[in-house]
Structure formats: C-alpha cells, structure tokens
Amino acid sequence: MTSSSPKPSNNNNRNSPFLAPENLCGQTLLQLVGEGHSILASIKILSERIPPAFLVAAGGGGGGVSYSSLEDAKYKSSDPNNNNSNNSGGGGGFLNFFGRDDRQQRSTKSTSTTTTTTTSSSSSEIITATIEDNETTNNNKNNSSSCDMEDAKKYTPFLFDFAYLHNPEEFEANYLMTSSSTNLTTNDDNNNNNNNSVVVSKVQEDITNLEHEFAINHHSIIQEYYTLFTSIYNYQHELHRFITELTKGYYIQYNTIESVLLEDDGRELLCEGVWLYGVILIMVERYLPGPVRERLIIAYFRFCGGGGGAGGGNNYNNNNNNGGGSGTTTTTTSGGGGGGGDISSSFHDIMMMDSICKLFKGTGIHPPQSTTSASFNTHRSHKYPMMEEELFARFPLPMELIRNVIGCLISDDIYRQSSAFPNTVDQRSIRLSKQASMLYVVLFFDPVVLREEDARLREIVDKFFYDNWVVHVYAGMTADLSIEWKRFPSAKAALDNVLKMDNVKKMHIQNAKLIGQCMAELRAYLTMGILTDSFVLDNRHDLLNCLRKCNIAVRWRILHRRTTNAVYHGIVCATASEVTADPKLEGDFAVNDTHVVSLLLLSSQLEMQLKHIFTQLLEKKESIWMNCRAKASGMMEDLAHYFKGDVTLARVSRHDGLIDWFTSMASEIRDLAYDSGDHFTVTGRKIQLCVQALEDVEQYDLVDRDIQVKTLLQESRELLLQMARAVGINESIGEDIKFISDISYGVESMKSYVKIIHSRISKDPSNVNLLQGFFLKLSSSLDGPVVRLKQLKSPEVERVTGYYSSQLVAFVRNVLEIVPVSVFGILVQISDIFERRLQRLPTKVQGDKLGAYAQLGERYKLSMMAHEISIFADGVLSMDTSIIGGIEINPRKLLNEGLRKEMVQHVSELMNTLIQFDFATDSSETVASMTKHQAAAMRSLASLSRRLEGFQSALECIEDYVSIHGLKMWHEEFSRIINYNVEQEVNKYLLKKVLDANSVFQSDIVPIPRFPRTQNEPTCINFMGRMVSMLIKMTDTQYTTFSLEKSGWFMGDGTEVCGLKTVSLLRQAVGVYGLTGIDRLLCYRILHELHRFVKFFRTNVTKQGVLLEQLRDELYPEWKTPGKAVSIYASGSKKAEMLMLPMLTCFRRIGQAQMLRRMIRFELGRCSRIDAKMLLQSVSTLNESILSSENPLDGSPAGMKKFCDMSLAVGIGDPLQTVFMATDPLEGLPVLLLLFVITYVPKLSYNAMFGSLSKTKSGYPIDGWPLIAGISTLLKQFHPSYSKSFLAYIGQFVRVSITTYFERKQVKKEVVSRLTEDLRSTLVLVNQFCDISSIPQSALQEHIPQYIMEMCSNM
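1. Some words on the overall build of the protein
Thought 1: Helix and strand counts for the protein come out as 54 helices and nine strands.
Thought 2: Evaluated residue by residue, the protein yields a buried proportion of 54% over its 1355 residues.
Thought 3: Sequence separation of 24 or more characterises 79% of the internal contacts of the protein that already satisfy a separation of 6 or more.
Thought 4: Total accessible area on the protein is roughly 58200 Å²; 52% of this is exposed by carbon and sulfur atoms.

Next up, the structure:
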C-alpha cells in the first residue's frame, strides 16, 4: 500500500545546488525518479483492475489458445536451433519471435546454480495464484469474481499470447474453425452441407459480434495497460539516455558517473533511479504475470488499432454500427490500423512493438505451490524467485553504472540517518535497511557478483544482513534471501555463514526478550498521568530509545514471520503451549501474532502521544523559556529579600553578601535571552554556569541550615534545566520519530493481523481507542512514493497520493469493520424479535388484555441489545477525526459506512436466497405444477416482505444509539441495491456494458455483492432478472388468459394466477424501487424484441417485398372491396406463412410485458394516492405544465430523466403510449400485419367470462390482449399513418368477410359458422386495439361503420 522508498535525508533542502531548477542534470535525474514512483503506483492500480477475461484466458480456464497446444510441435520441429542457448538473456521480441522461445529452453549460468525450467503451460498456475490472491483479500469480492470469471469465458478463444505473432492468419483461421466445428457437432443435420454452411456463417458472425462487444467494453482499459508498458520501456530508455549524455559531457560540470555520486543528492537519486528500474520489472512480473501481459499487448494491437504508441488507432470505436470486422481482417497486420503513415513512422512503430514484446514477454516462472509460510499464498506482497538476472538482462543498464551504484551502496550511508539510530552496532542494520533493499535489487543487474565474488558478498552480508534475511523490496513486498539467493553460489555461501541454526535461534530469542522488555516499558510510560511536558523533557532520550527498541523488535518479527524457509519458519513462528499476554521468555521463547499486535498498538500509542507533546513543546518553546526564566529570577529576588532579615516570621539575620549575590544571580538569569542570536550551546553553557553557581552557594552554612532556602534553590535549578531542555527541542526530533516509526515495510503484512485486532475489539470494545495511534503510524509511511514527486512539483502527486491514501483508508475500514459487523449481528437479532416475537399493538385494545401485549421479557432483551450496541458504537465515536494522506478519517462516517456495508451485504444475500423459484426452464410445465410453483413464489415474496420490514424496524430502533439516520440509510441503500441489480441485468441487452467501475450505483466503500447465477435460471444475472422471469412464466400465454376488466391472468378454470394482489405483494417485498426496476427491465425486454423484429423484417420480410407490394396494389384503394379478395387473402397468407410464427412470438412477448407494466403502473399510482398525495399532485401538475409548454423537451437531460423517474414512481402515464425506439420506415408493414391477423384470428374466440379473446385450443401459445398490445406497441414506434393503414386494411377485410358471409350463407353451414366466429373475433380485436391504443371510435368508424358492427353482433 505504501512504499519503502528511501526518504531524502535531513540535510536535504530546497537550496541544494544539485536540485536547483537551473541544474539540468539534477532536474533530469529527479524527473526520472519521480516517473519511476508514478509508474509503480500505476502498476499497483492496474493490477487490481485486470479484466477477468484475461485471467481466465491466461489461466486456461476458458479454452484460450495456448502456445503449447497450437504451435509447440510445429515450432520445435521447424527450428533447428531451438536447443541452443540464447545469449541475449531475455528472448526475442516481435522481430525475434521466430527464434528460440526462452519459455521452452533455459540455459544455466553455472553448474551449481539451480534453475527451474518451465513452459508456457505452467502459466496457468501463476494466474490461479493471482486469482486466489485477489479473492482472499475481501469476502465481498468472492462472488463477484466468480460471476465475472463465468461471464468472461466466452471471450477467451480470441485472447492470444505472443505465439500469435508467429502466424496470425493461422491462429485466426484455427479458432474460427474450432468454434465452427464445435457448433457443427451439435447440429442435427450434420450431413446437410447447406445447413453446415449456414451454421459456419452464423458462428463466424457471432464471433465477430463477440469480438466487437469485447473491444467496445475493454478498449479503454487495454489502452491504459499499453500506456503503462510504453512508459516502462520509456523509463529505461530515458535512463540509458541520461547515462549516455552524462558520459559524453552534456552536463558540463557533471561529465562522469563518479561526479554525480560525489553530490549528496546525486548519490541518492542515481541509486534510486537504478533501483526503481529493477523494482518496476519485479512488480510487473509479480502483479501482472507474463501470460496476462502477452494477451493484453496482443489485444491492444488487435482491438485498439495499435500503432506503436499508446494513442494508436481505434478501429472498433469508429465502427460501432456495423458490429466490427472478423478477427482475421482486423488482426493480420502487426502495426494495426495506423495506415497512411510514412515509412519511418511505421518502422518506428514496429521497433517499438518489438521492444515492448521483448521486455514484457512472459518468463515462464511461477510461484511455488507449497510453502510453510501462512501468509505466502494469501498475499501477493511476498516475492518469489523469478530469474531476475535474465529479466533484467532483456534491456540491461551499463555495467559501469551498476558497479558504481553497488559500490556506493556498500560503502556509504547515503541517507545519513545516524540521528534516528545512533547505535552503530545494534542499530546498524535497521539504519541501513533502505540501502539493503536497494542493494538486493541492484545486485541482480550484475549477477556475476552474486555468483563469483565471495569477498564482496561476505562484506555485504556482514554489513547489511548479519541479523536479518527477509528484506523489504517496495510497497510492502518482501523477499526471503535464504530462498532468493539459493541459486547463487557466492551469495548462498556468504549468507550461510550468518544463517546458521544457532544464530537464527539466537536472533529469535534476543527479539523475544526485546519484545518483553518493550512491553514492560510501554505499560509504564502509558500509565495515565505519566507523560507530562516536564517528564518528556527530562526523559526525552529514554523515551526515544524505547521507541527505537520497539520498532526494531516489531520490524524484525513482522518481516521474519513471512519467511518461506521451512526451517527458519519453524523457529520464528514457534507456538507456545498456552497463550500469554507477553512473549514466553523461557523454553521455546514463543512469540505469537497477538504479542506483535499488542506491541504495535502500544508503541503506536506512545509515538502518537510523543509526537503530540513534542509538537506542542515546539510551538510553546519560547513561552516555556520565558515562564521558567521569570520564575527562576523571581525566586532569586525572593531569596535576596529573605536575607535582608525584615521578613515577617523569618528568623534570619541580615547578610549583605548573600543579598548582593542573589540579586546579581537574578539579574544574570533575566539576561538569559531566548533569541539572543547566540548558538543554543552558548546559551546552554550559561545556564550550566548558573546551575553550578546555585549548587555552590549551598555550601555556605547559613544556606545549608535553611531547608526552605535549599528547596527554592533546587526548584530554581530545575527551572534552569527545564529552560536548557526546552531550547534543545527542534524539528529534527519529529523527523527522527518519523523515521524511527516507519512501518512501510509492513503495510501489506498488517492485513494478516486484522483478525487478531477484531478479536481484541470483540472482547473489549475500548481497545478501539488504541487504533488511532496505529492508523497514524501507518499513515506516516505514505510519504515514501511521493517525496520525490513533491520535490519535482509534479502533477502526479495528487494521483499517487490519492491511490496510496485510498488503500490505507480501505485498510482502516477493514480494521474498524468489526464494530459495524458486531452491531449488525445484534441488529439481526433485534429484527428477528420484531418480525416473529413482538406482537403489534392494535389501535384499540381492552384494558384487561393490555398485559398480554407488554411482553416484558422480549422488551428487556431489546433494551440489553441496544445497550450492547451503544458500547460498540461508543468506542468508534470517541476517536478523533484525523487526516491520512489528505483524506479525512471521520469515525462517525466510518461507522455509518460500515453499517451500510453490512446492511447491503445482508439484504443482498437475503434477496438472492429468497428470490429463487422452481419454474421449469423449458415448456414442460403443467397446470398443476404451475399452480404449485406460483404458490411457492408467493410464499417466498411474503417471507421476504416480513424479513425486510423487520430490518427496517430494527434500524429505526437503534439509530439513536449509533447516531445514524436509520430510515434514510435504509431507503438510500435499498434503492442502490435494486438499481445496481437492474443495471447489471440490463447489461445482457446492451452492447456497451455498464461495468462495475463505471456504475454510479456500485461503490468501493459500500460494495454491492454479486452472486452466481442459479441453475434454474441460468439466463438471469441476479434476483431482479429472476423476478421478471417469474412474472413472465406465471403469465405464459400457453397456460393463462389475460382479462383487462379483471386486471389479471387466469387459468382456463378461472383460477387467478397473477393479479393485482400479486403485484401488491411484490411491492411489499421489493418496494417502489423494486417495481420501478421491474418496469425498466420489461422496457428493455420490449426494446430487445422490437429490435429483433426490425432485424427480422429487414432480413426475412424484405425478401417478400414483391409479394407485399403486389398485395398492396391489389387491395388498393382500401375503401373499396376488391374483386377476388378471398383468393388474394388466401394466397398472401399462404406465401407469408413462414413469417407468422416469429411475429406471433414477438407480439405476445411484447404484449405480455406491456400488460405487466400496466399493472405495475396501476399499483404505483394506487400507493401514491394513499401514501404520497402531495407528491402525486405536485408531479401531476408539473407534468401537465411541461406538456402544455411550447417546448416541452427544453431543459437539462438529467433533470428531465429525474422527472420521468419520479413520474414512474407515482404511477403517472400509460405504458402503452411509450415510444421505445426511432427507426426507418418498414415498407409493407400494415399489409403484413393484416396477413398476421387473418392467420391467427381463427385461433381466437371471444370469452365472455374474461371479456377478451382467448385461445380456442388449450396449450396453444396465443392470447388476445397480449397479442393486441404487442401490435399496438409496434405501431406506436412508427408514424400514425401506419395505424391508419392497418385499420383501413382491417376494415376492408371485415367488409369482404361480410360479403362472403352473405354469399355463402345458404351453402355450407359449418363454413358460415366459422366465418361468423372469425368475423366477430376480428371486430373484437379491432375494437380492443383502438381502446388500448387510445384511437377514437370515430377513426375506426371511418373504415367500419357502426351499422356494420351492430349487424355483425346479430349474426
């Protein structure tokens, strides 16, 4: 989370000549170092945002094309040199990819060196570990990660690694062929070549659309990764250029590396520049594994147009409407879509790609799967051996630079922190710890030192690693030298001399004893009333020494408990037979995590108090001086007056010598000036002489015999010493404390101690008071990554500081999370009492039965729980507001956010669990099973309603005890849960998905969890989708009939399946927010069906354009009755028969959704009339004023959207008048609808019980009102002339039917009866169509006169 970057020494200041603005050499080097820290922050930021598709593809979980599976055999056989060693050290990039792949063959540099040979197939283990690491950090992310991984599998076939560059065309053709063959095996007509060709074409189209969808949704994030890779390459390039310019004398005064190292700031910056380059490569390998990097780079050049730089072309963003091209056409060129550039630019782009591929090619090294360290597998912050010497050799730095930097780090104390750790023996390793971590990284640039230079390694180990072997690398990442240096003979031998078993035990025992000693001292110093100003001034050195010992002890213990060496881990992490408050200092000397946490909390408390006291002393140093001087001089004057002998009750004779001496001493003390201009040592010397004089005067017999005089002299001496100590306080003390208390090495390790802190707080909530100092201790380590950026005044300061601060604040929330978790656990019990045990008090109750409603036992439990909640909340609310990295930490706000987080988690889990239904996924439902499942769904909704009502009541009950607005919190978070789940469910209808990072409803602080899809409803993403699916299945036209008069769906026997009671129960369960969310999902379902219909019309109906045109000509004009009309209708219906069934499916789905929306709108309106009359009236008035204005669409879109949402919430508006889309005209649509009506009217008959058209045969998926609503909704998307044409054609058809009726009335009675029934159904259909479409009867009577309707009713 933070960095262990070495901080500039106390001697650094803005007036340093090397860092002066006019010093180009210093500014260039400072710019490089600042850029390095910015890049490292970007690596950590992007490592948390790796798209799941790349993780799945790289891990082999989704069928991604791997190198070994497709090219391995061919590649090995075609390359005669694949067994030869590659002396370049890092494998080829783009131009060298046709040579040896270093993942297949690795050469050893020494016979005694152990190297691990792995192929690209092992890369899945890297990704698996990465996924596990991501999932173990936060339980709330587990379900989201699994959901993302499942959704991401569909993208993996076209996410290639660098093997793709060998033969892009073959890769494209191979995965297209693989996908096509997979679908062909499932085709029923495998022997049908036409069907096969259709399937292949369809599969290729689907893959093209899928690639297009992926590119649109991941374009920006892929560009960010490529920008990062480019900046890393540019960093090493700029470092090379700086060294070249330096040695060529471009900087005049500085013409050699040694000349820069002679400058204090130059020495620091040059060492940091080299060190940061190594750390960048290590962090990239650890946080962005090779298989992921390769796929990101290939994806950039395939989907982002990849010119050579981060700002390459954007093929997909410029081609959103046509769905994107096929994979082959968009990826066959290495340069991407940059076309049109000159030759030099193209060559530069290719060279840049070659360099980036070479630098970021996967190493093939994966972390060990078995280790004894408990924290190794759960945290990515521990480094594993990754063949750094080969990784660094891909773009090596000049050896002269490396040798000079290594020599400087070994011989010099470049940060000069001896004031913080003055003991040159016991505290040397911690004083030089930052140089040790730098040296560990830089040595990989010169592996010859690690392998062969025994003397140099012994010097390094004896100076830096004589009492430690786990080093801090950067940002909390640690490395175990006993594992890391095992493959280097000289380094291993030098380290083995120190890490003997006896020495390791000795280190462990010494540290355990030091922890016990520190705990005793801390308890003594932290006793209330001990740390006063005078005590701190008198015991400053002892207090600082205590801090040094505490931080030395805790640093050693935290770092070395992360060792991955099984033998050493058994010693350092030995467990005691019993748990004690302090470390066991006998026998096995066991120190557990609880002792480390206790030491951390107590030492951080002492640090916080000392910082506060020293800050106050520094501010009032002058006033302390003045007060002490005035008191001391006043005492001298009192003594002079005392020896005059005329003081009442003073039995002392006059002594002129003492009178003159004390008077002169008083004058001498008054002359001690705070700002005299003398060095404080001169002033201290004067004070010392005065103290000595006061001690000497006690030798006089007259003074020695008077106890009162001696007391005044003693107090005067103490005041003078107080003045001397006060003047010795300066700002360097604060800097020393800051350096002493640095815990940047442990910011990642702290995550493993969170459970222990939670346990302490659960047992004693007052322990929360110790956390403020602990948090401030962690915040002090935020300066490392930004100190150079601040010196540079870089605009990146805000971004980098913001990231590390947000990480620390997230950790603070995680630590304090136990309080809201405990509070919410009690709140769940309270809600259970409200829901199941506590009886509701009726409006009227008889006096003799009042006792039955008292329920004193239950109310006593409620009071005890409320008291327990107040104890937990009091600990957090008593903490002071503090600032961490520019972010304010407000305890009250943290408690509020924690409670919101727990509420969101609990409510989401509850809704996900209860909103699961057993409806069959296919059409195997029967009437009996449908009734059974409908009853179970209603019980689930009723149970959910009761549970949520209990939570709401419990929140209102405890809001005063925890200082929150319970009801406000409930409505805000519940609406956010609903809206987020609706947003995610809508994603399946969208090409441009709304990802969590872009969602306005998702939050990092109060995340809304995601859950895996259920087996019964695999197409539904979450519970909102399942509710809509439940409504759709309950109202399936195959089993039910909709009645507009009765406002519900009914079975054939009249049993209501879904009606107003169902919608009311649904509102009680999910509230107004849930109903509006369901309405929104239904709208997207309708829009999706309308788009499908338009696509269907343009791809299939347009082929029948001649037929529709011919029918339109034959039926023109509509007001006349054409000759041979019956044959025209029969012929048209016959030819368009294949189009009818898709239209029926579309219309009934649209109409079904519209009828559900109509019922939801009615329920919302009914509730608003009862519960929100004023709001309803206000919204209605505003709606009327907007509609009556000249420009109703004027105003901000955001304001209009908010008003529309409010209108929906109060139930204003008719869903059937909604215009969902704008589209071009569809020629012949009214004629096609006429043929549709002619085809399906015979399958409908009027049902007087329901007042609607119903199916003539049970089980047929057709129903009158949904069909009519579907047609009405479709026509609403076009010009009103379409509806008029449709009515005209229907009127013509009615007139033709009447004519036919009278012509055949005496011929065949069965035909006439059928004709009569169809004619009545047609009239009912057209009348209901006009009613539901708000078309006046006068418009209908223009085509079907009233007398014809009356005549038809009498047939």
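Still more ground to cover, so stick around.
2. Topic: the pattern of salt bridges
Thought 1: Taken as a whole, this structure holds 52 salt bridges when the rule is applied.
Thought 2: Between Arg705 and Asp701 there is a salt bridge, and its shortest N-O distance comes to 2.6 Å.
Thought 3: Exposure remark for Arg705: the relative accessible area of 58% places this residue in the exposed category.
Thought 4: In this structure, Arg813 engages Glu897 in a salt bridge whose closest nitrogen and oxygen atoms are separated by 2.8 Å. Of this pair, Arg813 sits in helix H36 (residues 796-816) while Glu897 sits in helix H39 (residues 891-914), placing them 84 residues apart in sequence.

3. A closer look at the sheet that holds strand E5 (residues 1041-1043)
Thought 1: As summarised here, the arrangement of the three strands in space is E5-E6-E7, forming an open sheet in which the pairing is antiparallel. Unpaired on one side and paired on the other, E5 and strand E7 (1056-1059) mark the two borders of the sheet. When the angles between neighbouring strand axes are averaged without regard to direction, this sheet yields 25°.

4. Re the packing of aromatic side chains
Thought 1: Under the defined criterion, the tally for this structure stands at 47 aromatic pairs.
Thought 2: Geometrically, the ring pair formed by Phe54 and Phe214 is tilted, given 5.8 Å between the ring centres and 55° between the ring planes. Placement of Phe54 in helix H2 (residues 52-59) and of Phe214 in helix H8 (residues 193-247) is noted, with a sequence separation of 160 residues between them.
Thought 3: Clustering of aromatic rings is evident, with ring pairs tying together Tyr235, Tyr277, Phe392, Tyr440, Phe444, Phe445 and Phe488.
Thought 4: The positively charged end of Lys358 is found above the aromatic ring belonging to Phe395, 5.0 Å away from the centroid.
Thought 5: Directly above the aromatic system of Phe1050 lies the positively charged group of Lys1046, at a separation of 5.5 Å from the ring centroid.

5. Describing the environment of Val1210
Thought 1: The residue Val1210 is located in the loop between helix H48 (1197-1209) and helix H49 (1229-1240) in this model.
Thought 2: Overall, Val1210 belongs to the buried group, its relative accessible area being 3%.
Thought 3: Remark: the alpha-carbon pair of Val1210 and Phe1162, spanning 48 residues in sequence, is separated by 9.3 Å.
Thought 4: When residues no more than four places from it in sequence are discounted, the contact partners of Val1210 are Leu1164, Gly1165, Ser1168, Leu1175, Leu1176 and Val1179.

6. Structural notes on unusual backbone geometry
Thought 1: At the junction of Tyr1116 and Pro1117, the peptide bond is cis and its omega measures out at -10° in the coordinates.
Thought 2: Note on placement: Pro1117 falls in the loop between helix H44 (1105-1115) and helix H45 (1125-1135).
Thought 3: Phi is positive for Lys793, which is not a glycine, with a value near 55°.
Thought 4: Residue position: Lys793 is located in the loop between helix H35 (787-792) and H36.
Thought 5: Judged by relative accessible area, which is 69%, Lys793 ranks as exposed.
Thought 6: Within the chain, Ser1334 stands out as a residue other than glycine whose phi angle is a positive 60°.
Thought 7: Mapped onto the secondary structure, Ser1334 falls in the loop between helix H52 (1309-1332) and helix H53 (1337-1341).

7. Side note on the pairing of strand E1 (residues 470-474)
Thought 1: Burial analysis of E1 places five of its five residues in the buried class, which makes it a mostly covered element.
Thought 2: Taken together, the four bridges between E1 and strand E2 (residues 477-480) define a ladder with antiparallel strand orientation. When the bridges of E2 are listed, Tyr474 appears paired with Met477.
Thought 3: Taking the residues between adjacent antiparallel strands as the criterion, E1 and E2 are bridged by two residues, where Ala475 takes a positive phi near 55°.

8. A look at a nonpolar patch on the surface
Thought 1: On the surface, Leu841, Val845 and Leu850 cluster together into a nonpolar patch covering about 270 Å² of accessible area.
Thought 2: Within the secondary structure, Val845 sits in the loop between helix H37 (818-837) and helix H38 (856-877).
Thought 3: Overall, the relative accessible area of 34% leaves Val845 in the partly exposed class.

9. Some thoughts on H45
In an α-helix, one turn spans 3.6 residues; hence positions three or four apart end up facing the same way.
Thought 1: Within the sequence span of H45, burial applies to Ala1125, Ile1128, Tyr1129, Gly1132 and Ser1133. Down the axis of H45, the buried side of the element spans an arc of 120°, and every buried residue falls inside it.
Thought 2: The inward-facing, buried residues of H45 contact H44, helix H46 (1137-1171), H49 and helix H51 (1280-1303).

10. Structural notes on H36
Thought 1: Over its 21 residues, H36 extends 30 Å from the first C-alpha to the last, a length consistent with the 30 Å expected when each residue adds 1.5 Å.
Thought 2: Those residues of H36 not exposed but buried are Val797, Val800, Thr801, Tyr803, Tyr804, Ser805, Leu808, Val809, Phe811, Val812, Val815 and Leu816.

11. With respect to the pairing of strand E9 (residues 1252-1255)
Residues in a regular strand project their side chains so that they alternate between the two faces of the sheet.
Thought 1: Pairing analysis gives four bridges linking strand E8 (residues 1244-1247) to E9, with the strands arranged antiparallel. In the sheet register, Leu1244 faces E9, and the bridge partner there is Lys1255.
Thought 2: Here E8 folds back onto E9, and the loop between the two strands holds four residues, one of which, Gly1251, carries a positive phi near 65°.

12. Notes on the environment of Asp764
Thought 1: Within the element layout of this structure, Asp764 appears in the loop between helix H33 (754-763) and helix H34 (771-779).
Thought 2: Taking the C-alpha atoms as reference points, Asp764 and Ile871, 107 residues apart in sequence, are found 9.6 Å from one another.
Thought 3: A polar side-chain atom of Asp764 sits 2.6 Å from a polar atom in the side chain of Ser766.

13. Observations regarding the layout of surface pockets
Thought 1: Considering only enclosed or pocket space, the second largest pocket measures out at about 1900 Å³ in volume.
Thought 2: In this structure, the second largest pocket is lined by 48 residues; those nearest its centre are Cys1204, Asp1205, Met1206, Leu1208 and Ala1209.
Thought 3: Here the lining of the second largest pocket takes 11 residues from helix H43 (residues 1060-1099), the largest share from any one element.
Thought 4: For the lining of the second largest pocket, the per-class residue count stands at 26 nonpolar, 11 polar and 11 charged.

14. Quick notes on the side chain of Gln1002
Thought 1: If you trace the backbone, Gln1002 turns up in the loop between helix H41 (966-986) and helix H42 (1023-1034).
Thought 2: Here the side chain of Gln1002 touches Tyr980 through a polar contact of 3.4 Å, side chain to side chain.
Thought 3: Here Ile1008 takes part through its backbone nitrogen, which lies 2.7 Å from a polar atom of the side chain of Gln1002.
Thought 4: Setting aside anything within four residues of it in sequence, one finds Gln1002 in contact with Arg976, Tyr980, Asp996, Pro1007 and Ile1008.

15. Quick notes on the packing of helix H24 (residues 540-560) against helix H32 (residues 731-740)
Thought 1: In contact at an axis separation of 10 Å, H24 and H32 are set at 20° when each is read in the N-to-C sense. Relative to H32, the element H24 is oriented roughly parallel. In this structure, the crossing between H24 and H32 has a hand that is left-handed. Here Arg540, Leu544, Leu547, Arg548 and Asn551 of H24 come into contact with H32, specifically with Ile733, Ile737 and Ile740.
Thought 2: Across the contact of H24 with H32, the residue classes tally to five nonpolar, one polar and two charged.

The rules behind these values
- Residues numbered from 1 in each chain as written.
- Predicted model: local features only at pLDDT ≥ 70, side-chain atom pairs only at ≥ 80, totals over all residues.
- Heavy atoms only, no water.
- Helix = DSSP H or I, 4+ residues; strand = E, 2+ residues; numbered from the N terminus.
- Buried < 20%, exposed > 50% of the residue type's maximum accessible area, 1.4 Å probe, protein only.
- Contact = heavy atoms within 4.5 Å.
- Areas by Shrake-Rupley, 256 points an atom, 1.4 Å probe, with all protein chains shown as cover.
- Salt bridge = Lys/Arg side-chain N within 4 Å of Asp/Glu carboxyl O.
- Pairing = 2+ DSSP bridges.
- Axes fitted to C-alpha atoms, helices over the stretch in contact; angles between N-to-C directions.
- Phe/Tyr/Trp six-rings, centres within 6.5 Å; stacked < 30°, edge-to-face > 60°.
- Lys NZ or Arg CZ within 6 Å of the ring centre and 35° of its normal.
- Patch = residues over 30% accessible without salt bridge, like charges linked within 9 Å, V, L, I, M, F, W, Y side chains within 5 Å.
- Arc of directions from axis to C-beta.
- Expected span 1.5 Å × (residues − 1).
- Polar contact = N/O pair within 3.5 Å; in protein donor to acceptor, adjacent residues only side chain to side chain.
- 1 Å grid on protein atoms, 1.4 Å probe; cavity = no way out; pocket = protein on both sides within 12 Å on 5 of 7 lines; lining within 4 Å.
- Points joined across faces, edges and corners; volume = space filled by probe spheres on them.
- Nonpolar A, V, L, I, M, F, W, Y, C, P; charged D, E, K, R; others polar.
- Parallel < 35°, antiparallel > 145°, perpendicular 65-115°, else oblique.
- Left-handed = near helix turned anticlockwise from the far one by under 90°.

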